[in-house]
Amino acid sequence: MKFSPALRLRLDGEALAANWTSMAQLSGTAETGAAVKADAYGLGARAVVPRLWKAGCREYFVAHWGEAEAIADLVPAARIAVLNGITEADIAPALQLGAIPVLNTPHQIALWKAAGGGRCHVMLDSGMNRLGIGAEQISSTDMASLQIDLLLSHLASADEDVAQNRDQLETFIAMAEGLRPRRKSLANSAGIALGPDYHFDLTRPGLALYGGVASTGLTGKVRQTVFPQACVLQTRTIRAGARIGYNATYVAPVDMRTATLAIGYADGYLRGFSNSGTVHFQGIPMPVVGRVSMDLLIVDATNCPQLAEGDWVDIDFELSAASTASAVSQYELLTTLGKRAGRRWE
Ligand SMILES: *Cc1c(COP(=O)(O)O)cnc(C)c1O
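This structure is a prediction, so every number in the text was calculated from the model and none was measured.

Basis of the calculations
Residues numbered from 1 in each chain as written. Predicted model: local features only at pLDDT ≥ 70, side-chain atom pairs only at ≥ 80, totals over all residues. Heavy atoms only, no water. Helix = DSSP H or I, 4+ residues; strand = E, 2+ residues; numbered from the N terminus. Buried < 20%, exposed > 50% of the residue type's maximum accessible area, 1.4 Å probe, protein only. Contact = heavy atoms within 4.5 Å. Phe/Tyr/Trp six-rings, centres within 6.5 Å; stacked < 30°, edge-to-face > 60°. Salt bridge = Lys/Arg side-chain N within 4 Å of Asp/Glu carboxyl O.

K.L.:
What should I look at first to understand the overall build of the chain in this one?
P.N.:
Within the chain one finds 10 helices and 20 strands. Taken over the C-alpha atoms alone, the chain extends approximately 75 × 50 × 35 Å along its principal axes. Expressed as a percentage of its 346 residues, the buried residues of the chain come to 51%. Across the chain, contacts joining residues at least 24 apart in sequence account for 64% of those joining residues at least 6 apart.

K.L.:
Would you take a moment to explain the packing of aromatic side chains for this structure?
P.N.:
Aromatic ring pairs are reported here in terms of the distance separating the ring centres and the angle at which the planes meet. A full pass over the atoms with the stated rule returns four aromatic pairs. Relative to Tyr-210, the ring of Tyr-41 has its centre 4.8 Å away and its plane inclined at 40°; by these criteria the two rings are tilted. Of the two residues, Tyr-41 is situated in helix α2 (residues 37-41) and Tyr-210 in the loop between β11 (202-203) and β12 (226-238); the sequence distance between them amounts to 169 residues. When its relative accessible area of 0% is taken as the criterion, Tyr-210 is described as buried. On the basis of an interplanar angle of 10° and a centroid distance of 4.1 Å, the ring pair of Tyr-269 and Phe-273 is categorised as stacked. Here Tyr-269 and Phe-273 have matching classes, each one buried. Connected via pairs of aromatic rings, a cluster forms that spans Tyr-41, Tyr-210 and Tyr-331.

K.L.:
Help me understand the pattern of salt bridges in this model?
P.N.:
It is possible for side chains bearing opposite charge to pair when their charged atoms get close. The full count for this structure, using the stated rule, is 16 salt bridges. For Asp-39, the salt bridge is made with Lys-339, and the minimal N-O distance between the two is 3.7 Å. In this pair, Asp-39 sits in helix α2 while Lys-339 sits in the loop between α10 (330-335) and β20 (342-345), placing the two residues 300 residues apart along the sequence. We classify Lys-339 as exposed; its relative accessible area is 64%. Residue Arg-340 pairs with Asp-295 through a salt bridge whose shortest N-O separation is 3.0 Å. A residue pair is termed long-range when its members are at least 10 positions apart, and Arg-340 in the loop between α10 and β20 and Asp-295 in the loop between β17 (284-287) and β18 (297-300) qualify at 45 residues. With relative accessibility at 47%, the residue Arg-340 sits in the partly exposed group. Owing to a relative accessible area of 34%, Asp-295 belongs among the partly exposed residues under this scheme. Linked by salt bridges that have partners in common, Glu-31, Glu-59, Arg-79, Arg-119, Asp-149, Arg-182 and Arg-183 make up one network.

Next up, the structure:
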């Protein structure tokens, strides 16, 4: 059966490639990889990875082994780093797959050595206290026999101008002393904007590739990549005083015309957009009125008399502005995009 969906994500492949190139330019002489975990932040890793490869990206970061397996036929497995590291149960299939674990704990290091794993990456925790060998563990962790390709650390507050960035940089340098990795890597998207001190040999942007303005330093350097579009299911004329949507959070102040669209929070257009999001049709902005429903959205179409049932409406989703409107982080806006929308690459 062939149904025509009433909701789609238009994805701009040129913008994706341009964003990677922009991050590569900002990374100077450092190589530039790509974080493609969480299905490339919701865009679809199998569509994103070949496009990034074509743009020049040669290093990919995922969180789980299943995510590595899902793209291992698209790029050489040895170019895929698995950030969550390794467990005993995963070692045999991991070696078979050939993706490279990012070892995070003394236990993971011991497992890898015992398995004769060979080339690996190692994460140092330089002050985020999340994942990686901590400063308190470094002297007691024997890494002498490890064949470390990438030595990594991750910045906790790269999107802010705070002393923690410099602290982590200095801690990373101090912790790396005596280790002999082939390459070092510290910066995510926002870290790239902190400047050359933070670039080392390889940068690891994620958010910026997909159109996120990860910090003020990246304003104007990133193009919107994800464009949700939804169909008008119904238009109606309502009287002043009419109540709109669940719990009547919007009451029409005057006579209005509204339109109901086929998108809702189940599609990742979260409730934070209630009475604050905007959509466009033929250049005319229409504000969201009332609460976002699971599958439906109501907008004020009073200024758009030509809007009719079946028309496709553009949902405003420039991530920086959408994040401000919804009070949801740019990361969450991307990674909660639902599976119902067809993804259409252009
Ligand atoms: C997710 C992630 C990145 C990418 O971060 P962005 O802020 O999306 O650029 C880089 N490094 C690590 C370790 C990550 O977990």
